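Each chain, written out:
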Amino acid sequence: MPVSHHRLQRDPRAWQSALDQALAAHDGERALARYEHLAHAFPSPEYDPRDESHPHLNLDALKRWALYRGWQARPATDRVQEGEVYRPPVRFTRVMGKYH
């Protein structure tokens, strides 16, 4: 049975897989990702199912996930656009350590 586009949008594992692939293909030491995309991959416990288009990001879960894959994730407050003060993009910085 094919998975609907709407259901795929709400599947954090699909979003995480897409992020994992994008970071693995990234050749640079730094990458930037939009808050909205990451919030779909790592929705917070305060996620409001009535507002699927604007989930909240579980930053702690994202940081753990990223570190395991050799990246440090931090809000890029210097890249905040007008009206997005509470939804800053996230900067990924490649780290070398015991995992890689």
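Worth saying up front: this structure is predicted, and the values here are computed from it rather than measured. (Residues numbered from 1 in each chain as written. Predicted model: local features only at pLDDT ≥ 70, side-chain atom pairs only at ≥ 80, totals over all residues. Heavy atoms only, no water.)

Asker: What am I meant to see in the overall build of the chain here?
Answerer: Scanning the chain from N- to C-terminus turns up four helices and three strands. Beginning at the N terminus, the succession of helices and strands in the chain can be written as α-α-β-α-α-β-β. The burial tally for the chain puts 27% of its 100 residues in the buried class. A sequence separation of at least 24 residues applies to 53% of the contacts in the chain between residues at least 6 apart. Carbon together with sulfur atoms contributes 51% to the accessible area of the chain, which is approximately 7200 Å² in total. (Helix = DSSP H or I, 4+ residues; strand = E, 2+ residues; numbered from the N terminus. Buried < 20%, exposed > 50% of the residue type's maximum accessible area, 1.4 Å probe, protein only. Contact = heavy atoms within 4.5 Å. Areas by Shrake-Rupley, 256 points an atom, 1.4 Å probe, with all protein chains shown as cover.)

Asker: Mind showing me how you'd approach the pairing of strand S3 (residues 90-94) here?
Answerer: Remember that side chains alternate between the two faces of the sheet whenever the strand is regular. Two elements, strand S1 (residues 30-33) and S3, share four bridges in a ladder whose sense is antiparallel. Counterpart to arginine 30 in the pairing with S3 is threonine 93. Both strand S2 (residues 71-75) and S3 contribute to a ladder of five bridges, which runs antiparallel. If you follow alanine 73 over to S3, its bridge partner there is phenylalanine 92. (Pairing = 2+ DSSP bridges.)

Asker: When you look at the side chain of serine 44 in this model, what are you seeing that I'm missing?
Answerer: As for its placement among the helices and strands, serine 44 is situated in the loop between helix H3 (35-41) and helix H4 (59-68). Note on serine 44: relative accessible area 6%, which makes it buried. Apart from residues no more than four positions distant in its own chain, serine 44 is found in contact with His56, Leu57 and Asn58.

Asker: Can you help me understand the pattern of salt bridges in this one?
Answerer: Opposite charge on two side chains permits pairing when their charged atoms draw close. Overall, the coordinates contain four salt bridges when judged by the stated rule. With a shortest N-O distance of 3.6 Å, aspartate 11 and arginine 13 are connected by a salt bridge. Judged by relative accessible area, which is 23%, aspartate 11 ranks as partly exposed. One salt bridge connects arginine 91 with aspartate 78, and the closest N-O pair in it is separated by 3.2 Å. Taken together, the residues span a long stretch of sequence, with arginine 91 in strand S3 and aspartate 78 in the loop between S2 and S3 at a distance of 13 residues. Aspartate 78 gets classed as exposed once you look at its relative accessible area, which sits at 56%. (Salt bridge = Lys/Arg side-chain N within 4 Å of Asp/Glu carboxyl O.)

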